[in-house]
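Observations on the three-dimensional arrangement
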Amino acid sequence: MPLKTFIEAIREGLREEMVRDETVIVLGEDVGKKGGVFLATDGLWGEFGDDRVIDTPLTESQIVGTSIGAAINGIRPVAEIQFADFIFPAFNQLVSEAARMRYRSNNGYGLPMTVRAPYGGGVHGALYHSQSVEAFFTHVPGLKVVVPSTPYDAKGLLRSAIRDDDPVLFFEHKKMYRSVRGDVPDGDYTVPLGKAQVTHPGTQITVVAYGLMAHYALEAADRVADEGISVEVVDLRTLRPLDKETVLDSVRKTGKCLIAYEDNRFGGYGAEVAAIIAEEAFDYLDGPVTRIAGPDVPGVPYNHVLEEWFMVNPEKIADGIRKLAAY
Amino acid sequence: MAVSSKPAAASKPGSHLGDAVGLTDDDLLEMYRLVALARAVDERMWILNRAGRIPFVISGQGHEGAQVGIAWALEKGKDWIAPFYRSIATCLTFGMSPRDILTAQYATASDPSSGGRQMPGHYGSHEHNLVSVSSPVATQLLHAVGIALAAKIRKTGQVAMTSMGEGSSNQGDVHEGLNFAAIHKLPFIFVVENNGYAISVPMAKQVAGSSVWERASGYGIPGVVVDGEDVLACYKASRDAVARARAGDGPTLIEAKVTRLTAHSSDDQQTKYRSEEELAAEKGRDALPKFRAQLVDAGILTPEAEERINASITRDVDDATDYAESQPDPDPATAMKWVFAEDWPGETPPPWGMGGGDG
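A tally of helices and strands in chain A yields 13 helices and 14 strands. In terms of C-alpha radius of gyration, chain A reaches 19 Å, essentially the compact-globule figure of 20 Å for 327 residues. With the principal axes as the frame, chain A shows a C-alpha extent of 60 × 45 × 40 Å. For chain A, buried positions account for 59% of its 327 residues. Expressed as a percentage of contacts within chain A between residues at least 6 apart in sequence, the contacts between residues at least 24 apart total 80%.

Printed below as a string of structure tokens:
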């Protein structure tokens, strides 16, 4: 299979969906001639033209609100928010409008739309180019939230997101765009939304992760394997709807669980996973459900020493695994 | 560009009032019926509220003439409207029925807007190209702009209109949407039904520059101000805007100066911030008696026609009330449906299950 970078897989997924379905359009800031600040849409404007690859003003609420309207009238928009950090002007459109349209109209309206946004730190992006924003949206019924970790999943999940009849938020860790490569087959495969994957089988501790942390969890599992600790890694892939069964099956087997996420610890997505495990797998637990997560400061600091302090990395996860293994 | 309207010239009996704007006598009678029907439905809502039958009313009284005149210029079943909570006459003009409006007041299972999920006033109908209304104001402008964008991309020839009050027009989404619609010359019409108040706050404290229509010039699009109590002036402004939109000439902003004959809602007491003199003067601007007088003077609304229309309205409103009264509440077993198109195993019911309450 051809080896591709994470961003190549996303670009291919976008392009192939636009070829397959002429109602698919792309809109966002700098997505046209420039091809996006990360080049996720590079070449699409040249191939599909002004009508289907739309450079918008710097107006995130408009990008999402217009996508909602376009989705009502027969278009499948794929909106790009340039950085997840800048999604908040569109929060009202996403939470009050997109998430509720089907429910509030009693299935009168559905919104087939995707909103892509690069998230995450470790790239010298500081407070406003590093945030993990998934927890704001996983809280909201009516939004699907996807965070792929491999090029294969990114392309397959993006296809599923675009073909889905409900709004999907698709968060891409920007540090992975060019640093992560993987096999991406040719042809029209999809990866279903709402399905987690065990990416490393093990017996003693379950590590639940997604996005960049899914890679770091695998590295951590390798590090502690030499010490005789057998780790099972579950890559969630879709945060909402959550594939509870895959998580619970693993925890019921291992009896211990650590959740790794880059977002601030307090009230982060891992808190919900921990609560579900506590409620539904308590009898199987041999230790506390623990979290390795970003510190509770209002953003990722810029200075490289401070940024390294903030970022969760394989060694920090490995340390968490060692402590949990000692129970 | 500004087009200020003057009251339609008084027509002599037997003359053709609609000729100047291309409307037939039948059109005018139907428009009158819609204005009067919307008023009658609205008045019934207040009676039902005062009688303790429905908990909340948000009213369109004083806006009906503008709504019927403007919506009449759009093509039912083809064009789109993203309405707001006062848009009863708009929704009736675009195909919703008095039963549709009153089942929303009672929040019945059969309420086509939301199946009883939304507050009254949050109308919507996919069947009639009316976008579902929410409570955060002005968000719907972007939806109409998106619908217009899709119409342009798909070359459907559709026009999308949205309406809201002048208070809502101050929201940031309005700026973002007008800017985008103007850049792309979208087939979009922005209607501001200016009744002078954002709940209790008067124009002077919410709209700098004292008009909304003049803001259009900042986007390089036509801004039009009309007497919103003059049905035919509203129709004409809307007809011109629709023609521009269909010709690919882009959006138009129409500010219709209407009145608010009732309090903001059934939970508001407007005499706290509006004087008796002001309220009496506003009543004198009401489109319903003015439009009636126009049609009577023109010999179009004959005594027979009026009797027929009034009887049909009484019948329709009584029927809608009886129907809504008889309709069952939604079943709690359905309350988790339509979060998504399909049911998802991850969306678990609460520990108390999906049965009805004990009350």
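There's more to say after this.
Moving on, we come to the packing of helix α9 (residues 212-225) of chain A against helix α13 (residues 314-325) of chain A. Residue and element names in this part refer to chain A. Contact geometry for α9 and α13: axes closest at 8 Å, N-to-C directions at 55 degrees. The angle between α9 and α13 falls in the class oblique. The interaxial crossing formed by α9 with α13 has right-handed handedness. For the pair α9 and α13, the contacting residues are Tyr216, Ala217, Glu219, Ala220, Arg223 and Val224 in the first and Pro314, Ile317, Ala318, Ile321 and Arg322 in the second.

Below, the discussion takes up the sheet that holds strand β5 (residues 114-119) of chain A. Residues and elements named next belong to chain A. The strand order across the open sheet built from 7 strands is β3-β2-β4-β5-β7-β6-β12, with neighbouring strands paired in mixed fashion. Two strands close off the open sheet at either side, each with one partner strand: β3 (53-55) and β12 (238-240). Shown here is a sheet whose adjacent strand axes are inclined to one another by a mean of 20 degrees, direction ignored.

Residue and element names in this part refer to chain A. With mixed pairing, 5 strands are arranged side by side in an open sheet as β9-β11-β10-β13-β14. In the strand order of this sheet, the two ends are held by β9 (197-200) and β14 (290-294), each with one partner. Averaged over neighbouring strand pairs, the angle between their axes works out to 25 degrees when direction is ignored. Bridge count for strand β10 (residues 205-209) against strand β13 (residues 257-264) is 3 bridges, and the pairing is parallel. Bridged to Val207 within β13 is Leu258.

Residue and element names in this part refer to chain A. Counting buried positions along β5 gives 6 out of 6 residues, so the element sits mostly inside the fold. Residues Thr114, Arg116 and Pro118 point to one face of β5 and Val115, Ala117 and Tyr119 to the other, with burial holding for every one of them. Direction of pairing for strand β4 (residues 76-80) relative to β5: parallel, over a ladder of 3 bridges. Bridge pairing links Glu80 to Arg116 in β5. Sheet analysis places β5 next to strand β7 (residues 168-173), joined by 6 bridges and oriented parallel. Paired with Val115 across the strands is Leu169, a residue of β7.

The rules behind each value
Residues numbered from 1 in each chain as written. Chains lettered and ligands numbered in written order. Predicted model: local features only at pLDDT ≥ 70, side-chain atom pairs only at ≥ 80, totals over all residues. Helix = DSSP H or I, 4+ residues; strand = E, 2+ residues; numbered from the N terminus. Rg over C-alpha atoms; globule rule 2.2 N^0.38 Å. Buried ≥ 20, exposed ≤ 12 C-beta atoms within 10 Å, placed from the backbone. Contact = placed C-beta atoms within 7 Å. Axes fitted to C-alpha atoms, helices over the stretch in contact; angles between N-to-C directions. Parallel < 35°, antiparallel > 145°, perpendicular 65-115°, else oblique. Left-handed = near helix turned anticlockwise from the far one by under 90°. Pairing = 2+ DSSP bridges.

That's the geometry; what it means functionally is another story.
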